[in-house]
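Spelled out from the first residue to the last, the chains are:
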Amino acid sequence: MAPKYAPSLRSRLAPPLLFLQTGFIVIYALYTETDSNVQVVGKKFRDFYPEFQDVNVMVILGFGFLCTFLVRHGYSGSGFNLLVAAMATQWAVILNGIESWHYSGKIRINLKSLVEAEMCTASALISIGTVLGKTNPVQLILIALLEVTAFILNKWLLQTLLNIQPLSSIMLLHVFGTFFGLMLTWINYRKGSEQRFEKEKFDRKSGLFSMLGTLFLWMFWPSFNSVLAESPGRKSVAVCGTYLALAVSAVTAAAVSVLSNPKGKLNPILIQSCGLAGGVAVGVSMSVIQQPWEAMIIGFSAAVASTIGFQYLKIHMLLAFQCHDTCAILSTHGLPGLLGWLAHLFLQIKDSDDHTTAIRFAVFHICTLLVTITVSVSTGFLTGTLINLKIWRPPQNRKFLYNSQKKKKKHHDF
Amino acid sequence: MAPKYAPSLRSRLAPPLLFLQTGFIVIYALYTETDSNVQVVGKKFRDFYPEFQDVNVMVILGFGFLCTFLVRHGYSGSGFNLLVAAMATQWAVILNGIESWHYSGKIRINLKSLVEAEMCTASALISIGTVLGKTNPVQLILIALLEVTAFILNKWLLQTLLNIQPLSSIMLLHVFGTFFGLMLTWINYRKGSEQRFEKEKFDRKSGLFSMLGTLFLWMFWPSFNSVLAESPGRKSVAVCGTYLALAVSAVTAAAVSVLSNPKGKLNPILIQSCGLAGGVAVGVSMSVIQQPWEAMIIGFSAAVASTIGFQYLKIHMLLAFQCHDTCAILSTHGLPGLLGWLAHLFLQIKDSDDHTTAIRFAVFHICTLLVTITVSVSTGFLTGTLINLKIWRPPQNRKFLYNSQKKKKKHHDF
Amino acid sequence: MAPKYAPSLRSRLAPPLLFLQTGFIVIYALYTETDSNVQVVGKKFRDFYPEFQDVNVMVILGFGFLCTFLVRHGYSGSGFNLLVAAMATQWAVILNGIESWHYSGKIRINLKSLVEAEMCTASALISIGTVLGKTNPVQLILIALLEVTAFILNKWLLQTLLNIQPLSSIMLLHVFGTFFGLMLTWINYRKGSEQRFEKEKFDRKSGLFSMLGTLFLWMFWPSFNSVLAESPGRKSVAVCGTYLALAVSAVTAAAVSVLSNPKGKLNPILIQSCGLAGGVAVGVSMSVIQQPWEAMIIGFSAAVASTIGFQYLKIHMLLAFQCHDTCAILSTHGLPGLLGWLAHLFLQIKDSDDHTTAIRFAVFHICTLLVTITVSVSTGFLTGTLINLKIWRPPQNRKFLYNSQKKKKKHHDF
């Protein structure tokens with residue numbers, strides 16, 4: 001719920017939403033059709049549906065409740081997340097289908113196109129984690145639509161320039177989302193807000209809602225990493241590998257958090273944030289992982305990097321670079337994503353038969369990362385500049401984040 | 001938890017529950033058997049199980065947590081919902097099987113009979129939404145059992161008189177449940193309670209639990225609409241259509257709610273209540289939807305109708321017709337259901353080749369609605385009269401809804 | 001979150017966790033491999049994955065949130081549950097694979113090995129329910145690892161001595177977990193803590209989180225009982241039987257709780273705790289249940305036993321045997337488990353053709369129970385003695401359970 005004194009959003013939110021939604025419906029009416037190959041669709045449907053639902057739960061519920069730890073933004077945050085996800089997914093289906101529209105005149109709608117769209121949406125939801133509590137819904141929707149566009153542009157660039165398969169480029173969503181989000185929050189930084197961020201505490205009840213979101217992400221991450229794999233054999237490897245990597249991450253995050261805590265306490269918030277690192281890292285390097293222990297080592301390293309990053313990097317980023325990262329996306333998605341990229345490089349080189357192939361692959365792989373970071377940083381910069389305009393009526397400085405905790409116990413008639 | 005001073009329910013609740021439960025077990029022992037065609041059951045089981053579980057989650061968790069927004073009735077409400085659902089599902093399996101019992105002497109129990117029973121239960125849970133916080137568990141169980149009976153009677157009437165397939169008549173559950181529930185609450189209305197309804201506010205924590213229920217309904221609604229479809233091709237169309245309609249609904253509900261809010265705020269409760277309208281409307285018209293954009297237009301209109309209804313209709317119904325609808329069922333299920341019925345009529349006529357078929361269909365379709373409304377209104381009237389009897393020890397007037405908010409912060413040893 | 005004055009766990013928790021986790025990774029690297037029979041794995045994957053995820057949700061979310069009713073231990077409890085489950089599952093995969101390692105030199109990792117490991121973990125989580133709020137994370141991990149070892153030892157003993165199939169012995173997890181846990185808490189009992197247990201109340205918000213955990217267990221219990229069944233026909237019988245037994249349990253628990261409540265109130269906590277009894281009992285006797293009504297009668301009896309046990313047994317155990325059972329595991333898992341064992345015996349004898357087979361089976365069946373109880377009690381005794389050592393820095397007496405309720409409303413920076 002927006003605070004009572006927040007500026008009215010009627011003229012800023014309702015017309016664009018209605019305009020965009022009507023536009024989407026017109027585009028769908030003109031250019032999409034139900035996938036007509038019933039035999040294939042039917043078979044795929046059966047194999048696909050449970051994993052599709054798991055990904056759906058992650059995007060709508062997992063990301064939605066992850067951000068409820070902000071006491072003041074919990075309830076409205078989960079509602080905004082639904083709104084943003086619903087917009088971004090419709091848009092991503094259209095953008096993902098442009099190629100098919102170019103060749104056959106129609107975009108086919110089936111479970112696969114929906115699940116790919118949801119994964120593009122996930123990258124936008126990751127970016128939004130950096131500016132949570134500092135933006136209004138109009139800005140969130142703008143960010144989501146532009147980020148999805150940039151992400152699909154990046155996918156298209158990687159496919160055209162470097163011949164990277166969509167499966168691999170989609171998995172870079174964590175890296176893309178992180179750098180996009182960091183640029184957003186860096187540009188949106190306002191002087192004098194450091195001391196206010198001190199108040200970013202949460203109480204136990206909010207913590208439990210947030211834990212709920214985390215657990216759904218943790219439980220269904222194997223589906224997220226395996227849903228786009230083609231053969232059932234690969235799916236099975238992806239599921240088992242991701243599961244074990246997540247288990248290792250949770251344990252490692254707990255151990256490292258106790259080690260680095262000045263009082264030697266076990267902080268559940270670190271298990272919660274960094275226990276997902278293994279899923280991120282294994283997702284990025286999924287296509288070359290063969291054995292469970294490879295996934296487990298990746299999960300271990302990712303959790304160590306993520307936990308140390310969470311403890312020391314967030315405050316450092318704020319003070320040194322004036323970059324306030326509400327949900328610590330850099331540590332929870334960025335570092336594990338980069339580590340997964342590194343693991344992919346290393347495993348592929350290890351498996352190569354000769355030097356030429358290995359070097360060739362390394363060059364391609366490094367270019368993939370460079371292109372992704374370039375696109376995400378530049379589009380993130382543009383988006384940040386755009387949403388910083390006064391016409392979107394952003395929340396005032398002094399209303400950032402927790403400024404009305406004292407009102408928390410009242411009942412509101414929202 | 002019932003308040004401390006509520007009348008004892010021991011003599012009213014325990015004996016009927018034990019009697020009914022024992023009766024159900026005896027009926028199951030005499031007249032049911034496990035489906036013995038292992039080949040068919042096995043194949044169906046694999047295709048069916050994930051969707052069965054999604055519907056189960058919607059009925060038990062989704063509807064159970066939807067009603068937790070009532071601060072005082074949240075915890076006990078979710079418990080009562082489980083109790084009512086467990087009773088009504090057992091009863092619906094029996095009633096749905098009467099035909100098969102008539103022909104073969106046995107009712108076959110398999111996943112399909114359970115999922116059909118759960119959908120009949122859903123219609124009872126919708127009705128209960130109108131009288132929530134104003135009834136005791138004895139009354140809730142009575143309502144559920146009678147409503148399920150009436151709903152299955154309606155299904156049987158439609159099949160016998162108009163040759164309507166069970167798949168189509170089950171989908172009228174939203175319309176049936178709404179009118180049944182409105183009659184219930186109209187009869188149960190007590191003078192002098194208007195000002196008390198003013199207190200129907202909720203705090204953010206309750207809101208998050210309620211949001212959780214809503215999100216589970218939102219995420220799994222595609223399974224609800226597709227579970228009874230026969231061919232995998234139809235299932236795929238149903239899932240994609242429902243998904244897109246829900247996305248459109250969420251966005252439209254947000255836009256319309258900002259437009260109609262006097263302060264131009266975005267109210268998450270409207271996204272929550274009216275974002276489901278698309279799922280309801282598409283469910284009712286599922287069998288004639290071919291293309292995604294048809295579902296999206298239906299979702300758009302349903303969300304507009306539902307949001308406007310939610311903003312203005314609830315208070316109007318209370319003041320003009322003395323009909324207090326706790327969960328605003330009329331707007332969230334009734335209007336979208338009627339709109340889905342209209343869309344079905346329109347799409348079928350558009351697809352008809354000649355006038356005769358079109359008119360013939362229109363007559364049948366209008367009769368279907370008339371029969372459904374007649375049965376639901378009349379049985380709802382009878383049920384309302386029955387549960388209004390003093391022997392069920394209904395909660396006293398002054399204990400309706402929120403009268404003990406002041407006690408909210410104490411710890412109770414329930 | 002550990003209270004501020006709790007002893008530092010750095011030296012006790014971090015090194016063992018890191019050591020064990022590194023050890024696990026080394027063992028996985030040396031002795032495990034991905035299941036290479038892609039055809040079989042692929043087919044199994046499709047049939048298996050939805051049920052695997054349901055069991056995963058039960059273990060991680062269900063058990064994790066079940067224990068959140070303890071106001072002070074809710075948030076950290078769900079975090080510790082994830083940590084413990086992640087450790088125990090990795091360990092159980094290794095132990096379950098020892099036999100296959102013995103014969104072929106490698107442990108195969110696939111969905112089936114993961115799901116079996118999660119079920120062994122479930123038995124450890126049940127045991128932990130008895131000492132919840134009275135132990136620190138180091139102790140919890142020790143308990144989980146030792147309990148999983150003991151449970152798999154018991155499985156191996158039953159298979160070697162009595163030729164009991166793993167499917168049947170795994171289902172004894174409820175009985176095993178209960179007796180193991182009771183021994184733990186009996187040894188950990190400390191004088192003078194009776195009056196403190198009086199404070200084991202909970203507020204409604206915590207109750208809703210706990211209800212959430214319960215509902216996930218309730219909804220997915222059919223998957224828990226059917227996941228290890230081989231043929232799809234058996235799976236279907238298991239799912240329908242478990243579903244109906246759970247429905248009967250919920251209704252019966254409500255009825256008996258009203259009957260036994262001195263004020264004739266309906267207590268949702270009894271629906272919550274004892275509504276699961278049917279799932280437990282039917283799980284233990286699954287392999288001989290043919291008809292739905294058999295499952296329903298078992299569910300009815302289990303709920304009656306569980307509800308009466310919950311009302312009277314917990315306090316009796318505390319006063320007479322000085323055995324404080326935080327989550328009333330004896331009533332919710334122990335009694336229904338024993339009742340399921342009895343139902344198995346009875347049904348098998350009823351179906352036997354001649355006396356010799358019946359007696360032979362009865363002897364085997366009684367021996368199975370005796371071995372299980374002997375192993376669980378003796379290993380529980382040893383584990384209890386071990387975790388009682390001062391080197392683990394257990395929480396001090398006066399900090400048991402609810403001693404800092406007064407601090408509940410503050411915001412903590414954990």
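Refer to the structure printed above.
Note that this is a predicted model, so its numbers are computed, not measured.

K.L.:
Tell me about the relation of the copies chain A and chain B, and please be specific about residues and values.
P.N.:
For the pair chain A and chain B, the superposition axis carries a translation of 0.0 Å, the fit reaches an RMSD of 0.0 Å, and the rotation angle comes to 120 degrees. Both copies of the chain, as the preceding transformation shows, are related through a three-fold rotation axis. Closest approach to the rotation axis within chain A is made by the C-alpha atom of Pro50 of chain A, at a distance of 3.5 Å.

K.L.:
Help me get a handle on the packing of aromatic side chains, residues and values and all.
P.N.:
Scanning all chains against the criterion turns up 36 aromatic pairs over all chains. An aromatic cluster is defined as three or more aromatic residues linked by ring pairs; in this entry it consists of Phe65 and Phe209 of chain A, Phe65 and Phe209 of chain B together with Phe65 and Phe209 of chain C.

K.L.:
How would you sum up a nonpolar patch on the surface? Please name residues and give values.
P.N.:
Residues and elements named next belong to chain A. The grouping of Val26, Leu30, Tyr31, Ile98 and Trp101 at the surface amounts to a nonpolar patch, some 450 Å² of accessible area in total. Of all elements in the fold, only helix 1 (10–31) and helix 4 (98–104) reach the threshold of two or more residues within the nonpolar patch. It is helix 1 that contributes the most residues to the nonpolar patch, three residues altogether. By secondary structure assignment, the location of Ile98 is in helix 4. On the accessibility criterion, Ile98 (41% relative accessible area) is partly exposed.

K.L.:
Can you explain the packing of helix 11 (residues 232–260) of chain A against helix 13 (residues 277–284) of chain A? Please cite residues and give values.
P.N.:
Residues and elements named next belong to chain A. Put simply, helix 11 and helix 13 touch, their axes get as near as 7 Å, and they point 145 degrees apart. For the element pair helix 11 and helix 13, the recorded crossing hand is right-handed. Residues Gly241, Thr242, Ala245, Leu246 and Ser249 of helix 11 form the contact with helix 13, whose own contacting residues are Ala277, Gly278, Gly279 and Val282. In the contact of helix 11 with helix 13, the residues fall into four nonpolar, five polar and no charged.

K.L.:
Break down the relation of the copies chain A and chain C for me, with residues and values.
P.N.:
Here chain A sits on chain C after a turn of 120 degrees about the axis and a move of 0.0 Å along it, with an RMSD of 0.0 Å. Looking at chain A, a mere 10% of its interface residues are interface residues in chain C too, so the copies touch through different faces.

K.L.:
Tell me about the interface of chain A and chain B, residues and numbers included.
P.N.:
Facing the 63 residues of chain A at the interface are 60 residues of chain B. Taking both sides of the interface into account, the surface hidden between chain A and chain B amounts to around 5,600 Å²; carbon and sulfur atoms contribute 75%. Our count for the chain A to chain B interface comes out at zero salt bridges. Taken together, the links from chain A to chain B amount to six residue pairs in polar contact (both at pLDDT 80 or more). Breaking the side of chain A that touches chain B down by element, the ones donating at least two residues are helix 1, strand 1 (32–34), helix 2 (38–66), helix 3 (74–96), helix 5 (111–131) and helix 10 (204–226) of chain A. No other element matches helix 2 of chain A, which puts 14 residues into the side of chain A that touches chain B. For the side of chain A that touches chain B, the per-class residue count stands at 36 nonpolar, 18 polar and nine charged.

K.L.:
Describe helix 6 (residues 137–162) of chain B, with residues and values.
P.N.:
All names here are of chain B. For helix 6, built from 26 residues, the straight-helix expectation of 38 Å at 1.5 Å per residue is met to within 8% by its first-to-last C-alpha distance of 36 Å. For helix 6, the side-chain oxygen to backbone nitrogen distance between the N-cap and Val138 is 3.1 Å, and the N-cap itself is Asn136. Residue Asn163 follows helix 6 closely and has a positive phi angle near 60 degrees.

K.L.:
An account of the state of the cysteines is needed here, citing residue identities and associated values.
P.N.:
Residues and elements named next belong to chain C. This structure, assessed with the given rule, holds zero disulfides over all chains. Unpaired in this structure, Cys274 has its nearest cysteine sulfur neighbour in Cys327, at a distance of 13 Å. Taking relative accessible area as the criterion, Cys274 reaches 0% and is therefore assigned buried.

K.L.:
Now, about the interface of chain A and chain C: what can you tell me, with residues and values included?
P.N.:
Listed by partner, the interface residues are 60 residues for chain A and 63 residues for chain C. For the chain A and chain C pair, buried surface summed over both sides reaches about 5,600 Å², with 75% attributable to carbon and sulfur atoms. One can count zero salt bridges joining chain A with chain C. Put simply, chain A and chain C have six residue pairs in polar contact (both at pLDDT 80 or more) between them. Looking at the side of chain A that touches chain C, the elements with two or more residues in it are helix 2, helix 10, helix 11, helix 12 (268–274) and helix 14 (292–321) of chain A.

Analysis parameters
Note that residues are indexed from 1 along each chain, following the sequence as it is written. Key to labels: chains lettered from A, ligands numbered from 1, both in the order written. The model is predicted, so local features are restricted to residues of pLDDT at least 70 and side-chain atom pairs to those at 80 or more, both for listing and for counting; the totals for chains, interfaces and linings are taken over all residues. Hydrogens are left out, water is left out, and the side-chain values use all remaining heavy atoms of the structure. To line up the copies, we fit them by least squares on C-alpha atoms, keeping just the residues with pLDDT of at least 70 in both. Pairing of aromatic side chains requires ring centres within 6.5 Å, counting the rings of Phe and Tyr and the six-membered ring of Trp. Pairs whose planes differ by under 30 degrees are stacked, by over 60 edge-to-face, and all others tilted. Candidate patch residues must exceed 30% relative accessible area and have no salt bridge, after which like charges are joined if within 9 Å and Val, Leu, Ile, Met, Phe, Trp or Tyr side chains if within 5 Å. Per-residue accessibility takes into account occlusion by the displayed protein chains alone, with areas from the Shrake-Rupley method and a 1.4 Å probe. The salt bridge definition used is simple: a Lys or Arg side-chain nitrogen within 4 Å of an Asp or Glu carboxyl oxygen. Each helix corresponds to a stretch of at least 4 residues labelled H or I by DSSP, and each strand to a stretch of at least 2 residues labelled E; elements are numbered beginning at the N terminus. Throughout, exposure labels follow a simple rule: accessible area from a 1.4 Å probe, protein chains only, divided by the maximum for the residue type, with under 20% read as buried, over 50% as exposed, and the rest as partly exposed. Note on geometry: axes are lines fitted to C-alpha atoms, helical ones only across the stretch in contact, with angles between N-to-C directions running from 0 to 180 degrees. In a left-handed crossing the near helix is turned counterclockwise from the far helix by less than a right angle, and in a right-handed crossing that turn is clockwise. When checking whether two residues touch, look at their non-hydrogen atoms; a contact exists if any pair is within 4.5 Å. Here the nonpolar group is Ala, Val, Leu, Ile, Met, Phe, Trp, Tyr, Cys and Pro; Asp, Glu, Lys and Arg are the charged ones; every other residue, Gly included, is treated as polar. By buried area we mean the combined loss of accessible area, with a 1.4 Å probe, across both parts when two parts are placed together. What qualifies as a polar contact is a pair of N or O atoms within 3.5 Å, subject to a donor-acceptor requirement within protein and to the restriction that residues adjacent in sequence count only when both atoms come from side chains. An expected span of 1.5 Å times one less than the residue number is assigned to each helix. The criterion for a disulfide is a pair of cysteine sulfur atoms lying within 2.5 Å.

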